[in-house]
Protein chains: 4
Amino acid sequence: MINVRTDLAVEANEDYKKVHKREIDGVIINEEEGESAKITEVKITNQEGSVKLGKPIGNYITIDMPELTMYDGEIMDDVSEIVGKYIRKLVDMDSEKTGLVVGLGNRQVTPDALGPKVTDSIMVTRHLKEVMPEAIDDDVRPVCTIAPGVLGITGIETVEIIKALVEKIHPDFVICIDALASRKIQRVNRSIQISDTGISPGAGVGNHRLEINENSLGVKVIAIGVPTVVHAATIANDSIDLVIDNLASYANKDSEFYKLLTKIDKEEKSILIKEILNPFIGDLIVTPKEVDYVIDSLAKIIAVGINIAIQPNLDLEEINKFTN
Amino acid sequence: MINVRTDLAVEANEDYKKVHKREIDGVIINEEEGESAKITEVKITNQEGSVKLGKPIGNYITIDMPELTMYDGEIMDDVSEIVGKYIRKLVDMDSEKTGLVVGLGNRQVTPDALGPKVTDSIMVTRHLKEVMPEAIDDDVRPVCTIAPGVLGITGIETVEIIKALVEKIHPDFVICIDALASRKIQRVNRSIQISDTGISPGAGVGNHRLEINENSLGVKVIAIGVPTVVHAATIANDSIDLVIDNLASYANKDSEFYKLLTKIDKEEKSILIKEILNPFIGDLIVTPKEVDYVIDSLAKIIAVGINIAIQPNLDLEEINKFTN
Amino acid sequence: MINVRTDLAVEANEDYKKVHKREIDGVIINEEEGESAKITEVKITNQEGSVKLGKPIGNYITIDMPELTMYDGEIMDDVSEIVGKYIRKLVDMDSEKTGLVVGLGNRQVTPDALGPKVTDSIMVTRHLKEVMPEAIDDDVRPVCTIAPGVLGITGIETVEIIKALVEKIHPDFVICIDALASRKIQRVNRSIQISDTGISPGAGVGNHRLEINENSLGVKVIAIGVPTVVHAATIANDSIDLVIDNLASYANKDSEFYKLLTKIDKEEKSILIKEILNPFIGDLIVTPKEVDYVIDSLAKIIAVGINIAIQPNLDLEEINKFTN
Amino acid sequence: MINVRTDLAVEANEDYKKVHKREIDGVIINEEEGESAKITEVKITNQEGSVKLGKPIGNYITIDMPELTMYDGEIMDDVSEIVGKYIRKLVDMDSEKTGLVVGLGNRQVTPDALGPKVTDSIMVTRHLKEVMPEAIDDDVRPVCTIAPGVLGITGIETVEIIKALVEKIHPDFVICIDALASRKIQRVNRSIQISDTGISPGAGVGNHRLEINENSLGVKVIAIGVPTVVHAATIANDSIDLVIDNLASYANKDSEFYKLLTKIDKEEKSILIKEILNPFIGDLIVTPKEVDYVIDSLAKIIAVGINIAIQPNLDLEEINKFTN
């Protein structure tokens, strides 16, 4: 079966509601319309909510940015402030605590390079605190980063590398940044999701071996993700659904035709999608043409946001100065 | 209307035959199955062929490479030799003639960077022939290159830049390389089209102002293109067609249902596609995830092919040595 | 003879004064110490000044930035405003005039990529003014850009490409940006020179064929340059001079020793330098290790400055918004 | 004191012999002139040799390549075979053993990117052996890679990251690749050093905390290095020495002048060098202008060499096929 999946809790919830026409017990939604962004908090509170959305119990904040704000310094700063604020809501950071910022993804593949690019712009201070503490203000917190690469490049599961490092340097919290897949073209490069449940590749499928979360690492894990692609299979799937919906709306609900339309199941759709995308299926992605430009802006917004969260004693100007 | 278009003559011909179930008068096809590649020559001989395929009268050679040959030096060399051979079939190059190789496209956008990357690997000799002719063998031909950038970056129509340069330096022939869009996922990064009709953005639409061909430049123009993307609209369109075809095959041909299916026209499909791809439409592209790697290999194959065509007095080892 | 040369008029003047201990007739210096930068205007007014500084008659403004300001948005904006102001002092830009911004240098060689990177961030408007004038404010001026590449890559003299384009599209003024060589390590990536004399490779040597200036192009030419490297030969030469100066200061001025020291001439120094730098000589450059980071900031400062100069009706925030 | 240091044992030995005019007890030299390269083995056998060369006891093989062979596939393959052969001389690799290849250095700084670029081209197989052993030949050995970044970027000592990973995944041997500094311009991008003593930043200074070797990691460590830069201080130092040597050769050995020349000590030279290079000193590097091109070829030569060493059951064509 083709998995037309989303990494965003807010989309999983929208999809569920669209199909089942009702709210889920165990999922609390809170929306807030800000000046520079719309913020949606999805709180999954019990097992039912977790199963129905296919995501672990916990908090998911989605920041939806307005269109075309990429080069607008003021809105970028606003969104960074929002990112910083919500990170601090999810993790306690007192000044003694050491943070490890992990850039997931493949630096060489543009839409997957978000994580490594964010780490490039984090204010790295742990080594200064250790080697020359007198050169740095006491209220600057110790931060370190790693961009471990992807399994196909390293031959090592990413979680193994992170776990090894966490066990060696004992950070108090971990912030992971990753490029996500969206269900909706509209969210590509426009939404930032912050959660306290870590990264669960294939969540819901129960592949616990690969989870990067508090459970596997033993320290608090914040995950920040931006959908940078839609799988081509999603486009194909949506096209098929739309055509079926449209045809069904014309049909007499007692006709053979209507029965035919409504009995097209996932299995049959999968076969159609495979035929369309053959021979690529898995790795065929849809991106806006200008993705190479946009990723840099997104990485900067998120890096400034993380710097704001971790270094509350620095003002925005100082942080921008250190965030290249 | 959404334009689900192809830049490849061989695909335009396949599409025509699929829809109309017959050959076109004015289009001659010749196929040859080689060891490292399949070669299809499409010769458009008259106005009827031109109109039906939406391409100018002339010769179009498509080289279809086997799967996953990107890192295989031997097959790469074989394909380069084929490219070189067919360029020489289309343009007369005696040793006195100066060639201008033009890399079209945007260097900053990975799937569009093919042209500029090819020019990076062309053996550039014109300045040596002019400034220190004694340093270079007499039988090396003068070659120069330009990667003029795209309209959105320069503010100047590409053809204006090329025309200005052709009028200034008077090359005897021009070879243009461009990244194309394909109708079929299977051809992405696997086909090389060589033609003697130049580049006609929006061909068939009659926008003669922007054509880069013998007519506009006054010298022979060879165009080399590789499909590096499929438009997302194509995927959506194919999905819709496939679902309709499938449903139609089940239906009684006299039923209301069948009539409904067969009366879905281009206009209605366009509306559906726009709904799926909103808000991006035009610039949403589908690429294999590993496109960043593949473009380099393709650029090298084509550059070596051009070097072989222009410098017949050098052997392949010498050419590879100068092609970084 | 090794040419330990500088592209900066202000350095040529400093060197002359150091050697000859006097001012030059025909060179007027004006210094101004601003908050974010020191500005030195060198005006070469006659042939004597031109010969002695090895630069054409005209105006040269050097903006020396403070240390380590690269990531400070406010100082970057200040310097951009200064750049914009002095460009406007040198060229008349009324709203009807079309500007062509030329990025000289090799995009693939980091310290030489400044020019092409500046063009990437120019607000390009000429095509909008031509194709959809209603979509753009009347007081936005038409601007276009080109990054023509370097002779070794294209096989075409850069001035030929620019001349061809100027003759085709008829801009009213040309702004060229180029990476320069400095005599002094201290100026690397810290000084911006703006002049109205164009670019004269090997100026003073009289190679008029290659000059990019009002004479060769027929329109006003502004040149903007930043020293991004020092030639290794300069370091070697300075080391030799310094050791000789030091030894001489100890010596009795009547001694054989002193005579020996003072008779080391350019020819002998050249031989020593060649011995040190063998086998590279010409292409061995000295750069700070972090050059890859710094060039991006410099390109942005200059691009914003040019945008300010050309688009006086837009405010800084709008300009920053369009300058990625 | 300015440290005019070399990372190459063969240069340290040349320097020692030049100054002291004699061989060192405890250093055995073996030279071999091959067709595509000259090979020098330096074996440091005892403490005296170690102290005098400032390098740990062990084996150092230097492969000096001929000039300008970068784009010659055949010579590249020859050098790769030599690299592979000498790696196998230094470490026992039977088919059960897992190798970890570590790319040291900063991917963003061109001359320092060698290590990360080599890891990009290593045949990574460990995950395949673990997850789908049936998909891969039994005689392919398990290999994994990491490019951990540099202290200034991560805030974590590189050796800490590698140690954490070695303790987690238990490789049987580690191969580290690093960009080095040379004493001699002639060796830049032309020499490859392979040693079994690991990487000792500041070796001789006794900073054991930072060593990456068998001692610190508990498994065999092979270090492969290529000098990609010369420190600017080295150029300045050499210039000063050369001028002093030249002056001294003219002088009467009893004169005041000669005494003055010969009493210029390291301290005084340091002051001169600082004056020349002010304000940069430490991070000012000298590179050939075309460094951006050359690093890719070097990375490929070394990666193919490592692949040959680790995968003796594959032939060169198969290895080239997998080495992008």
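Residues numbered from 1 in each chain as written. Chains lettered and ligands numbered in written order. Predicted model: local features only at pLDDT ≥ 70, side-chain atom pairs only at ≥ 80, totals over all residues. Heavy atoms only, no water.

(A) Here's a closer look at the nonpolar core. Judged by nonpolar contacts, the single largest core of 49 residues is most densely connected at Ile235(A), Val286(A), Ile235(B) and Val286(B). Beyond its immediate chain neighbours, meaning those up to four positions away, Val286(B) contacts Ala232(A), Leu284(A), Ile285(A), Val286(A), Ile185(B), Thr228(B), Val229(B), Val230(B), His231(B), Ala232(B) and Ile235(B). Listed in part, the 48 residues of the second largest apolar core include Val243(C), Leu261(C), Val286(C) and Ile276(D). (Core = buried A, V, L, I, M, F, W, Y, C linked by side-chain atoms within 4.5 Å. Buried < 20%, exposed > 50% of the residue type's maximum accessible area, 1.4 Å probe, protein only. Contact = heavy atoms within 4.5 Å.)

(B) Structural detail: helix H11 (residues 266–277) of chain C. Between the first and last C-alpha of H11(C) there are 16 Å, a value that for 12 residues agrees with the 16 Å anticipated at 1.5 Å per step. Looking at H11(C), one finds that the buried residues are Lys269(C), Ser270(C), Leu272(C), Ile273(C), Ile276(C) and Leu277(C). Within H11(C), the buried residues cover an arc of 165° as seen down the axis, which keeps them to one side. Among the structural elements, helix H9 (232–250) and strand S9 (284–288) of chain C together with helix H9 (232–250) of chain D are those in contact with the buried residues of H11(C). (Helix = DSSP H or I, 4+ residues; strand = E, 2+ residues; numbered from the N terminus. Expected span 1.5 Å × (residues − 1). Arc of directions from axis to C-beta.)

(C) Molecular detail of the relation of the copies chain A and chain D. For the pair chain A and chain D, the best superposition has an RMSD of 0.1 Å and corresponds to a rotation of 180° with a translation of 0.0 Å parallel to the axis. Between the two chains, the operation in question is that of a two-fold axis. When C-alpha positions in chain A are compared against the rotation axis, the closest is assigned to Ala164(A), at 2.6 Å. Here 100% of the contact residues of chain A are again contact residues in chain D; the copies associate through an equivalent surface. (Least-squares fit on C-alpha atoms with pLDDT ≥ 70 in both.)

(D) Inspection of the pattern of salt bridges at higher detail. Per the counting criterion, the structure on display carries 64 salt bridges over all chains. Between Glu48(B) and Lys52(B) there is a salt bridge, with the nearest N and O atoms lying 2.7 Å from each other. Here the residue Glu48(B) and the residue Lys52(B) both occupy positions in helix H2 (residues 47–53), the gap between them amounting to four residues, near one helical turn. On the basis of relative accessible area, Lys52(B) is assigned to the partly exposed category, the value being 30%. Its salt-bridge partner being Arg183(D), residue Asp15(D) comes within 3.5 Å of it at the nearest N-O pair. Note that Asp15(D) is positioned in helix H1 (residues 9–20) and Arg183(D) in the loop between strand S6 (173–182) and strand S7 (191–195), a separation of 168 residues in sequence. Taking the relative accessible area as the measure of exposure, Asp15(D) reaches 26% and is therefore partly exposed. Classification of Arg183(D) by relative accessible area gives buried; the value is 14%. Here the salt bridges share partners, and the residues they tie into one network are Glu11(A), Glu14(A), Asp64(A), Lys184(A) and Arg187(A). (Salt bridge = Lys/Arg side-chain N within 4 Å of Asp/Glu carboxyl O.)

(E) Quick peek at the pairing of strand S5 (residues 143–146) of chain C. All names here are of chain C. Burial along S5 is two-sided: the residues Val-143 and Thr-145 and Cys-144 and Ile-146 are all buried. By the bridge criterion, four bridges tie strand S4 (residues 99–103) to S5 in an arrangement that is parallel. Along S5, the bridge assignment pairs Val-102 with Ile-146. (Pairing = 2+ DSSP bridges.)

(F) Fine view of the relation of the copies chain D and chain C. Between the two copies, chain D and chain C, the superposition gives an RMSD of 0.1 Å; the rotation angle is 180° and the shift along the axis is 0.0 Å. Of the residues that chain D buries at the interface, 100% are likewise interface residues in chain C, meaning the two copies contact each other through the same surface.

(G) Structural context of the domain arrangement of chain A. Residue and element names in this part refer to chain A. Annotation of chain A at the domain level lists domain 1 (9–234 + 284–323) and domain 2 (235–281). Computed from C-alpha atoms alone, the centre-to-centre distance between domain 1 and domain 2 is 35 Å. Opposite the nine residues of domain 1 that make contact, domain 2 presents eight residues. For the pairing of domain 1 and domain 2, the buried interface totals around 670 Å² over both sides, and the portion due to carbon and sulfur atoms is 55%. In terms of surface lost to domain 2, no three residues of domain 1 exceed Ala-233, Thr-234 and Leu-284, which account for 64% of the buried area on that side. Our count for the domain 1 to domain 2 interface comes out at one salt bridge. The partner of Asp-238 in a salt bridge is Arg-183, with the nearest N and O atoms 3.0 Å apart. Joining domain 1 to domain 2, the criterion identifies nine residue pairs in polar contact (both at pLDDT 80 or more). (Domains from an automatic or database assignment. Buried area = accessible area lost by both parts, 1.4 Å probe. Polar contact = N/O pair within 3.5 Å; in protein donor to acceptor, adjacent residues only side chain to side chain.)

(H) Looking closely at helix H7 (residues 158–169) of chain C. All names here are of chain C. Its 12 residues give H7 an end-to-end C-alpha distance of 17 Å, which sits within 8% of 16 Å, the value for a rise of 1.5 Å per residue. With nine of 12 residues buried, H7 is to be regarded as a mostly interior element. Among all positions of H7, only Thr-158, Val-159, Glu-160, Ile-161, Ile-162, Ala-164, Leu-165, Val-166 and Ile-169 are buried. Phi turns positive, to about 50°, at His-170, one or two residues after H7.

(I) View of the interface of chain D and chain C. If you look at the interface, chain D gives 44 residues, while chain C gives 44 residues. Carbon and sulfur atoms make up 72% of the surface buried where chain D meets chain C, a total of about 3,900 Å² over both sides. For the pair chain D and chain C, the interface holds zero salt bridges. Between the two partners, chain D and chain C, sit two residue pairs in polar contact (both at pLDDT 80 or more). Put simply, the parts of the chain that give the side of chain D that touches chain C at least two residues each are H9, helix H10 (256–262), helix H11 (266–277), strand S9 (284–288) and helix H12 (291–310) of chain D. No other element matches H9(D), which puts 12 residues into the side of chain D that touches chain C.

(J) Layout of the interface of chain A and chain D. Chain A puts 25 residues into the contact, and the matching count from chain D is 25 residues. Buried surface at the junction of chain A and chain D, both sides included, amounts to about 2,200 Å², of which 57% is carbon and sulfur. Among the residues of chain A in contact with chain D, His127(A), Ile156(A) and Lys168(A) are the three that bury the most area, contributing 21% of the side total. At the junction of chain A with chain D, the criterion picks out four salt bridges. In this structure, the salt-bridge partner of Arg126(D) is Glu160(A), at a minimum N-O distance of 3.4 Å.

(K) Region of interest: the packing of helix H9 (residues 232–250) of chain A against helix H11 (residues 266–277) of chain A. Residues and elements named next belong to chain A. Relative orientation of the contacting elements H9 and H11 amounts to 125°, with a least axis distance of 10 Å. Classified by the interaxial angle, the pair formed by H9 and H11 is oblique. Seen along the crossing, H9 lies across H11 with a hand that is right-handed. Between H9 and H11, the residues in contact are Ala-232, Ala-233, Ala-236, Asn-237, Ile-240 and Asp-241 and Lys-269, Leu-272, Ile-273, Ile-276 and Leu-277, respectively. (Axes fitted to C-alpha atoms, helices over the stretch in contact; angles between N-to-C directions. Parallel < 35°, antiparallel > 145°, perpendicular 65-115°, else oblique. Left-handed = near helix turned anticlockwise from the far one by under 90°.)

(L) Focus on unusual backbone geometry. In this structure, His170(A) takes a positive phi of about 50° despite not being glycine. Here His170(A) shows up in the loop between helix H7 (158–169) and strand S6 (173–182). Its identity as a non-glycine residue notwithstanding, Lys21(B) has a phi of 55°, on the positive side.

(M) Layout of the state of the cysteines. Residue and element names in this part refer to chain A. Scanning the model with the defined rule gives zero disulfides over all chains in all. The structure places no disulfide on Cys-176, whose sulfur is separated from the nearest cysteine sulfur, that of Cys-144, by 12 Å. Residue Cys-176 is classed as buried on the basis of its relative accessible area, which comes to 0%. (Disulfide = S-S within 2.5 Å.)

(N) Molecular detail of the environment of Lys266(B). With respect to the helices and strands, Lys266(B) occurs in helix H11 (residues 266–277). It is 37 Å that separates the C-alpha atoms of Lys266(B) and Ala147(B), two residues lying 119 residues apart in sequence.

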